[in-house]
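Tertiary structure, described
Each chain, written out:
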Amino acid sequence: MTDIAAPAETSIRVERCDVCIVGAGIAGVNALFVASRYLSRSQKVILVDRRDRSGGMWVDTYAYVRLHQPHGLFTAGNIKWTLGRDRSYLATKDEVLAHFAHCLEVVRQQVQVDEYFGWALESHEESDGIVRLTCKSSDGRLMVVEAKRLIKAGGFGVVPNEPLQVSSKRIVSVSPDYCDMRGDEMRASDTPVWIVGGGKTAMDTAHALITEYPGREVNLVAGSGTFFSDRDRLFPVGGRRWWGGTPATGIFTELGRRFDGTNETDVATWLRTTYGTWLTPTTGNYLLGLLSGSENKTIADGLNEVIMDHVVDAVDRDGETVLVFRSGSARTIEPGSWVVNCTGYILRGDPPPPYEPYVSDSGAIISLQPRSATFHLTSYMGYFLTHLLFLDKLREVPLYELDALDLRKKSNAALPYVLGTLAVHNLSLSVDSIPSTAFVECGIDLDHWYPLPRRMIATTRFMLTHRRGREHLRQTLDTVRAIRCSLRSTRPDVTHQRSGGSVVGSRCHRRRGAKNLS
């Protein structure tokens, strides 16, 4: 008789911690910073990320990307940069990634942090006051993490852009995430470049091509156009920091005062005229991007042609290569031309991820992502929601939440102004709910660009008026929820039902303690 060996037992690694944070991008490191303010040195945080290092989307994005804002304002909590550059310097990709690593080193001095890079969250469940996560490594190993609290810092879930799929065999279709515009392949060519997109990626790409290859033909297919906040007006340099520019708090407060939930066209005109810069003849889009006047001029002067349309395909017909546009028009282009996909990354989930509330029924899990956004940026979500989590106030503070993906589909024009209103409303509630030290340590606050006396004036003005202004903001969000059904309320007077973890019925339903805009 042949002996059959019994299969070897497969043991799954089990790790225990006080807090598990899934996601090591800007939302996750801000959550980690805040957690370190509440935990003791003997307590432990487990940090999990599917990438091989911290940095989130910055790990994957194109090589020549730079920050929108002065580098010191992109950080975790109040962790200072060690770059030693001028305060207005826009950090490069490698410099940003180095700062992420530095932030982790600083936090490790306050609390134990075990990092699991190359691990992805597979599932999680709650029972008996413990959240159990199943994670899988890139090589197929499984691990269970048992935590008292879970912070899912998925952020915008950005993935690299693929090249546009086109019919033509006579063009070079690329994505900047896989083809450096300054690389050998592009340098060896002299054929025209057609940039598809009008946002920050397109501006970065156009600027890189125009400055790297003077005289080369660079064209822009800009869709419906984009305008940007003028960096020179928001972040004046030298002595103008004392008397010029407008702190971001003032701009957001004024935006919230002007917007009523229906007049996004008027608010866009005011914002564009007062604080904007642009190079396209029409400006149908705005999503919190920053561009300086000099960058704008360099790009505008260097572009050969700007086409206000959307690319559908590139085809070879009748011996010619033609770009086909959504409008039905077409444009003959030179064979061998480059078509660069710069159509953007943010709020483009297809299919979108399922809705998930920003706080679980138990209050032990928070989710930082755009299907239940509570602030305009995920860095703010990571910072302020983590404070509320550790103070056990998340389920009682009546935040509004926004399904930003849903609202973008329904009204892309309204989205930035709803986000601004949402941020000011929820910041007003947070001011009344968390310690004042949290605001002192909030290094991602753009007002920190200005000298302390100017910041104190802006802060004092906000503190004196934010409760009076909150009612208008709430009414605006209620209006958006009524006409576009993209918001959810968590006001304490409203109850909610759940079935299998999802809100039952229309996405317009309110949840106790929070409001949803959809």
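As the structure is a computational prediction, the values presented were derived from the model and not from experiment.

Criteria and cut-off values
- Residues numbered from 1 in each chain as written.
- Predicted model: local features only at pLDDT ≥ 70, side-chain atom pairs only at ≥ 80, totals over all residues.
- Heavy atoms only, no water.
- Helix = DSSP H or I, 4+ residues; strand = E, 2+ residues; numbered from the N terminus.
- Expected span 1.5 Å × (residues − 1).
- Buried < 20%, exposed > 50% of the residue type's maximum accessible area, 1.4 Å probe, protein only.
- Contact = heavy atoms within 4.5 Å.
- Pairing = 2+ DSSP bridges.
- Axes fitted to C-alpha atoms, helices over the stretch in contact; angles between N-to-C directions.
- Core = buried A, V, L, I, M, F, W, Y, C linked by side-chain atoms within 4.5 Å.
- Phe/Tyr/Trp six-rings, centres within 6.5 Å; stacked < 30°, edge-to-face > 60°.
- Lys NZ or Arg CZ within 6 Å of the ring centre and 35° of its normal.
- Parallel < 35°, antiparallel > 145°, perpendicular 65-115°, else oblique.
- Left-handed = near helix turned anticlockwise from the far one by under 90°.
- Salt bridge = Lys/Arg side-chain N within 4 Å of Asp/Glu carboxyl O.
- Nonpolar A, V, L, I, M, F, W, Y, C, P; charged D, E, K, R; others polar.

1. Some details on helix H1 (residues 26–38)
Helical geometry: 3.6 residues make up each α-helical turn, so side chains three or four residues apart lie on a common side. Look at H1: 19 Å from first C-alpha to last across 13 residues, which is about the 18 Å you get at 1.5 Å a residue. The buried fraction of H1 is high, at 11 of 13 residues. Burial in H1 covers these residues: Ile26, Ala27, Gly28, Val29, Asn30, Ala31, Leu32, Phe33, Val34, Ala35 and Ser36. Buried positions along H1 lie against strand S1 (13–22), strand S2 (44–49), helix H3 (93–108), strand S3 (112–117), strand S6 (142–152) and helix H11 (378–390).

2. Overview of unusual backbone geometry
Its identity as a non-glycine residue notwithstanding, Asp128 has a phi of 55 degrees, on the positive side. Tracing the chain through its elements places Asp128 in the loop between strand S4 (119–127) and strand S5 (130–137). Judged by its relative accessible area of 78%, Asp128 is exposed.

3. A short note on the sheet that holds strand S7 (residues 172–174)
The strand order across the open sheet built from 5 strands is S7-S17-S8-S9-S13, with neighbouring strands paired in parallel fashion. The sheet terminates laterally at S7 and strand S13 (305–307), the two strands that pair on one side only. Going across the sheet, the axis of each strand differs from the next one's by a mean of 20 degrees, ignoring polarity. Sheet strands touched by helix H5 (residues 200–212): strand S8 (193–196), strand S9 (218–221) and strand S17 (338–341). Its angle to S8, the strand with the most contacts, is close to 160 degrees.

4. Details of the nonpolar core
Of all hydrophobic cores here, the largest spans 120 residues; its most connected members are Ile21, Ile195, Leu271, Leu394, Leu402 and Tyr417. Ranked by residue count, the leading element in this core is helix H13 (residues 415–431), at 10 residues. Not counting the four nearest positions on each side in its chain, Ile21 is found in contact with Gly28, Ala31, Leu32, Val45, Ile46, Leu47, Val48, Ile151 and Ala153. In terms of nonpolar packing, the next biggest core, distinct from the first, is built from 16 residues, Cys20, Val48, Leu133 and Cys135 among them.

5. Describing the packing of aromatic side chains
Applying the stated criterion across every chain, the model contains 15 aromatic pairs. Above the plane of the ring of Trp449 lies Arg87, whose end atom (NZ or CZ) is 4.6 Å from the centre. Sitting above the plane of the Trp449 ring, Arg241 keeps its charged end 5.8 Å from the centroid.

6. Let's talk about the sheet that holds strand S12 (residues 290–291)
Two pairing modes exist for strands in a sheet, parallel and antiparallel, and in both the strands are linked by backbone hydrogen bonds. Strand order in this open sheet of 3 strands is S11-S10-S12, and the pairing throughout is mixed. Bordering the open sheet on either side are strand S11 (276–277) and S12, each of which pairs with just one other strand. Two elements, strand S10 (residues 228–230) and S12, share 2 bridges in a ladder whose sense is parallel. By the bridge assignment, Asp230 is partnered in S12 with Leu291.

7. Focus: the pairing of strand S14 (residues 311–317)
Sheet topology places S14 next to strand S15 (residues 320–325); 6 bridges connect them, and they run antiparallel. Residue pairing for S15: Asp313 is matched across the bridge by Val324. Adjacent in sequence and paired antiparallel, S14 and S15 are bridged by 2 residues, among which Asp318 carries a positive phi angle near 55 degrees.

8. Some points on the side chain of Thr476
Locating Thr476 in the fold gives a position in helix H15 (residues 452–484). Not counting chain neighbours up to four residues away, the residues in contact with Thr476 comprise Phe259, Asp260, Gly261 and Thr421.

9. Things to note about the environment of Gly157
Tracing the backbone through its elements, the reader meets Gly157 in the loop between S6 and S7. Along the backbone, Gly157 and Asp309 are 152 residues apart, and their C-alpha atoms lie at a distance of 27 Å.

10. Remarks on the packing of helix H8 (residues 248–258) against helix H9 (residues 264–275)
Following both chains from N to C, one finds H8 and H9 inclined at 155 degrees, their axes separated by 10 Å at the closest point. The orientation of H8 relative to H9 falls into the category roughly antiparallel. The way H8 lies across H9 gives a crossing that is right-handed. On H9, the residues that touch Ile251, Glu254, Leu255 and Arg258 of H8 are Val267, Trp270, Leu271 and Tyr275.

11. Focus on the pattern of salt bridges
Counting across every chain of the model gives 30 salt bridges. Across the salt bridge formed by Asp60 and Arg51, the nearest N and O atoms sit 2.8 Å from each other. The exposure class of Arg51 is buried, given its relative accessible area of 11%. Between Glu264 and Arg484 there is a salt bridge whose closest N-O contact spans 2.8 Å. Within this pair, whereas Glu264 is found in helix H9, its partner Arg484 is found in helix H15, the two being separated by 220 residues in sequence. Both residues of the pair, Glu264 and Arg484, count as buried. Beyond isolated ion pairs, a larger network of salt bridges with shared partners links Arg13, Glu15, Lys44 and Asp114.

12. Quick look at the packing of H1 against H3
Remark: H1 packs on H3, axes separated minimally by 10 Å, with the N-to-C direction vectors making an angle of 15 degrees. By the criterion of interaxial angle, the relationship of H1 to H3 is roughly parallel. For the pair H1 and H3, the crossing hand works out as left-handed. Counting all contacts with H1, which are made through Ile26, Val29, Leu32, Phe33 and Ser36, the residues of H3 involved are Phe100, Leu104 and Val107. Considered class by class, the residues forming the contact of H1 with H3 number 7 nonpolar, 1 polar and no charged.

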